[in-house]
Amino acid sequence: MIVVGYAGGSAGRACLEQGIVEATVRDTSMLLISAVSTGRGQRMVDADEIAEVQARLSRSGIKFEIRQPIGADPSEELLRAMDADDADVLVIGMRRRTQVGKLFMGSTSQYLLIECSKPILVVKPNRTAATPVDPAPGGPTAP
(Lines give C-alpha, C1' and ligand atoms only; values in the text may rest on other atoms or scores of the structure.)
Protein backbone atom coordinates (compact mmCIF):
# COMPACT_ATOMS: atom_id res chain seq x y z
CA MET A 1 0.00 0.00 0.00
CA ILE A 2 1.14 3.52 -0.81
CA VAL A 3 0.21 6.12 1.81
CA VAL A 4 -0.19 9.67 0.51
CA GLY A 5 -0.37 12.75 2.71
CA TYR A 6 -2.70 15.17 0.92
CA ALA A 7 -2.94 18.84 1.91
CA GLY A 8 -4.49 20.15 -1.29
CA GLY A 9 -3.20 22.63 -3.81
CA SER A 10 -0.34 22.06 -6.23
CA ALA A 11 1.76 20.18 -3.66
CA GLY A 12 -1.17 17.87 -2.95
CA ARG A 13 -1.71 17.21 -6.65
CA ALA A 14 1.98 16.38 -7.05
CA CYS A 15 1.71 13.87 -4.18
CA LEU A 16 -1.45 12.40 -5.67
CA GLU A 17 0.13 11.89 -9.09
CA GLN A 18 3.32 10.38 -7.66
CA GLY A 19 1.26 8.13 -5.40
CA ILE A 20 -0.64 6.85 -8.44
CA VAL A 21 2.65 6.15 -10.22
CA GLU A 22 4.04 4.30 -7.18
CA ALA A 23 0.87 2.24 -6.67
CA THR A 24 0.77 1.33 -10.36
CA VAL A 25 4.43 0.35 -10.57
CA ARG A 26 4.20 -1.69 -7.36
CA ASP A 27 0.77 -3.13 -8.24
CA THR A 28 -0.69 -2.11 -4.90
CA SER A 29 -3.38 0.11 -3.41
CA MET A 30 -3.30 3.69 -2.15
CA LEU A 31 -4.45 5.23 1.11
CA LEU A 32 -4.81 9.00 0.78
CA ILE A 33 -4.99 10.88 4.09
CA SER A 34 -6.09 14.50 4.25
CA ALA A 35 -6.02 15.18 7.99
CA VAL A 36 -6.82 18.55 9.52
CA SER A 37 -5.68 19.39 13.03
CA THR A 38 -7.25 22.06 15.18
CA GLY A 39 -4.05 24.13 14.97
CA ARG A 40 -3.86 27.54 13.38
CA GLY A 41 -2.88 27.78 9.76
CA GLN A 42 -4.46 24.45 8.81
CA ARG A 43 -6.97 24.51 6.00
CA MET A 44 -9.41 21.77 5.26
CA VAL A 45 -9.45 20.44 1.71
CA ASP A 46 -12.91 21.31 0.44
CA ALA A 47 -15.47 18.82 -0.83
CA ASP A 48 -15.04 19.85 -4.48
CA GLU A 49 -11.30 19.19 -4.38
CA ILE A 50 -11.79 15.83 -2.66
CA ALA A 51 -14.36 14.93 -5.35
CA GLU A 52 -11.75 15.75 -8.01
CA VAL A 53 -9.19 13.59 -6.19
CA GLN A 54 -11.68 10.72 -5.97
CA ALA A 55 -12.48 11.03 -9.69
CA ARG A 56 -8.77 11.06 -10.56
CA LEU A 57 -8.14 7.98 -8.45
CA SER A 58 -11.12 6.20 -10.02
CA ARG A 59 -9.74 6.90 -13.49
CA SER A 60 -6.33 5.54 -12.47
CA GLY A 61 -7.69 2.04 -12.00
CA ILE A 62 -5.93 1.48 -8.67
CA LYS A 63 -7.71 0.40 -5.52
CA PHE A 64 -7.86 3.32 -3.08
CA GLU A 65 -9.25 4.69 0.15
CA ILE A 66 -9.57 8.33 1.19
CA ARG A 67 -9.57 9.36 4.86
CA GLN A 68 -10.25 12.87 6.14
CA PRO A 69 -9.91 12.84 9.92
CA ILE A 70 -10.83 16.20 11.48
CA GLY A 71 -9.06 17.36 14.64
CA ALA A 72 -6.26 14.86 14.07
CA ASP A 73 -2.55 15.55 13.90
CA PRO A 74 -1.63 14.95 10.23
CA SER A 75 1.83 13.58 11.02
CA GLU A 76 0.48 11.14 13.61
CA GLU A 77 -2.25 9.95 11.23
CA LEU A 78 0.34 9.30 8.53
CA LEU A 79 2.70 7.51 10.94
CA ARG A 80 -0.17 5.36 12.21
CA ALA A 81 -1.03 4.40 8.61
CA MET A 82 2.62 3.57 7.93
CA ASP A 83 2.60 1.17 10.90
CA ALA A 84 0.36 -1.17 8.88
CA ASP A 85 2.18 -4.27 7.67
CA ASP A 86 1.18 -3.63 4.05
CA ALA A 87 2.32 0.03 4.02
CA ASP A 88 5.29 0.27 1.65
CA VAL A 89 6.03 3.94 0.99
CA LEU A 90 4.84 7.28 2.34
CA VAL A 91 4.46 10.04 -0.25
CA ILE A 92 4.49 13.58 1.14
CA GLY A 93 4.92 17.05 -0.22
CA MET A 94 7.23 19.76 0.92
CA ARG A 95 6.58 23.42 0.41
CA ARG A 96 8.88 26.37 0.74
CA ARG A 97 8.57 28.29 4.01
CA THR A 98 10.55 30.99 5.72
CA GLN A 99 12.70 30.23 8.76
CA VAL A 100 10.25 32.17 10.93
CA GLY A 101 7.35 30.14 9.51
CA LYS A 102 9.16 26.92 10.39
CA LEU A 103 9.82 28.18 13.91
CA PHE A 104 6.18 29.03 14.65
CA MET A 105 4.39 26.29 12.73
CA GLY A 106 6.87 23.43 12.95
CA SER A 107 7.57 21.15 10.03
CA THR A 108 5.35 18.15 9.46
CA SER A 109 7.61 16.91 6.67
CA GLN A 110 10.71 17.12 8.84
CA TYR A 111 8.98 15.30 11.69
CA LEU A 112 7.85 12.52 9.35
CA LEU A 113 11.34 12.17 7.88
CA ILE A 114 12.75 11.65 11.35
CA GLU A 115 10.03 9.44 12.84
CA CYS A 116 8.86 7.18 10.00
CA SER A 117 10.64 3.82 9.94
CA LYS A 118 9.69 3.06 6.32
CA PRO A 119 10.71 4.72 3.04
CA ILE A 120 9.42 8.23 2.35
CA LEU A 121 9.19 9.85 -1.05
CA VAL A 122 9.14 13.65 -0.86
CA VAL A 123 7.72 15.42 -3.90
CA LYS A 124 7.25 19.03 -4.78
CA PRO A 125 5.08 20.62 -7.44
CA ASN A 126 6.62 21.57 -10.76
CA ARG A 127 6.91 25.27 -11.37
CA THR A 128 5.38 24.71 -14.79
CA ALA A 129 2.06 23.02 -15.42
CA ALA A 130 2.53 19.37 -16.33
CA THR A 131 0.11 16.81 -17.64
CA PRO A 132 -0.54 14.22 -14.92
CA VAL A 133 0.29 10.60 -15.55
CA ASP A 134 -2.84 8.48 -16.04
CA PRO A 135 -1.93 4.79 -16.03
CA ALA A 136 -5.56 3.73 -16.58
CA PRO A 137 -6.22 0.97 -19.08
CA GLY A 138 -6.34 2.30 -22.63
CA GLY A 139 -3.34 4.61 -22.29
CA PRO A 140 -2.54 8.00 -20.83
CA THR A 141 -5.13 10.73 -20.80
CA ALA A 142 -5.26 14.10 -19.10
CA PRO A 143 -7.72 14.45 -16.22
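Conventions and cut-offs
- Residues numbered from 1 in each chain as written.
- Predicted model: local features only at pLDDT ≥ 70, side-chain atom pairs only at ≥ 80, totals over all residues.
- Heavy atoms only, no water.
- Helix = DSSP H or I, 4+ residues; strand = E, 2+ residues; numbered from the N terminus.
- Polar contact = N/O pair within 3.5 Å; in protein donor to acceptor, adjacent residues only side chain to side chain.
- Contact = heavy atoms within 4.5 Å.
- Patch = residues over 30% accessible without salt bridge, like charges linked within 9 Å, V, L, I, M, F, W, Y side chains within 5 Å.
- Areas by Shrake-Rupley, 256 points an atom, 1.4 Å probe, with all protein chains shown as cover.
- Salt bridge = Lys/Arg side-chain N within 4 Å of Asp/Glu carboxyl O.
- Buried < 20%, exposed > 50% of the residue type's maximum accessible area, 1.4 Å probe, protein only.
- Axes fitted to C-alpha atoms, helices over the stretch in contact; angles between N-to-C directions.
- Parallel < 35°, antiparallel > 145°, perpendicular 65-115°, else oblique.
- Left-handed = near helix turned anticlockwise from the far one by under 90°.
- pLDDT = per-residue confidence, 0-100.
- Pairing = 2+ DSSP bridges.

**Some remarks on the side chain of S34**
In step 1: Looking at where S34 falls in the secondary structure, it is placed in the loop between β2 (30-33) and α2 (47-60).
In step 2: A distance of 3.2 Å separates a polar atom in the side chain of S34 from the backbone oxygen of Y6.
In step 3: Ignoring any residue separated from it by four or fewer positions in sequence, one finds S34 in contact with Y6, V45, I50, R67, Q68 and P69.

**Focus on a nonpolar patch on the surface**
In step 1: Taken together, M94, L113, I114 and V122 make up a surface patch of nonpolar side chains, about 350 Å² in accessible area.
In step 2: Judged by its relative accessible area of 37%, M94 falls in the partly exposed class.

**Some points on the packing of helix α1 (residues 9-26) against α2**
In step 1: At a minimum axis distance of 11 Å, the contact between α1 and α2 shows a crossing angle of 20°. Relative to α2, the element α1 is oriented roughly parallel. α1 and α2 meet at a crossing whose hand is right-handed. Residues G9, R13, L16, E17 and I20 of α1 form the contact with α2, whose participating residues are E49, V53, R56, L57 and S60.

**Side note on the confidence of the model for the chain**
In step 1: Per-chain confidence: the chain averages 83 in pLDDT, with 76% of residues scoring 70 or above.
In step 2: This stretch, residues 135-143, has a pLDDT under 50; its non-local contacts, to residues over four places away or in other chains, come to 14 contacts.

**What to know about helix α3 (residues 74-82)**
In step 1: Most of α3 is tucked away: 7 of the 9 residues are buried.
In step 2: Within α3 the residues assigned to the buried category are P74, S75, E77, L78, L79, A81 and M82.
In step 3: Buried residues along α3 sit against β1 (2-5), β2, β4 (89-93) and α5 (108-115).

**Let's talk about the sheet that holds strand β5 (residues 120-123)**
In step 1: Strand order across the open sheet formed by 5 strands is β3-β2-β1-β4-β5, with parallel pairing between neighbours. Two strands close off the open sheet at either side, each with one partner strand: β3 (64-67) and β5. Going across the sheet, the axis of each strand differs from the next one's by a mean of 20°, ignoring polarity.
In step 2: Its contacts with the sheet place α1 against β1, β2, β4 and β5, and it is angled at close to 180° to β1.

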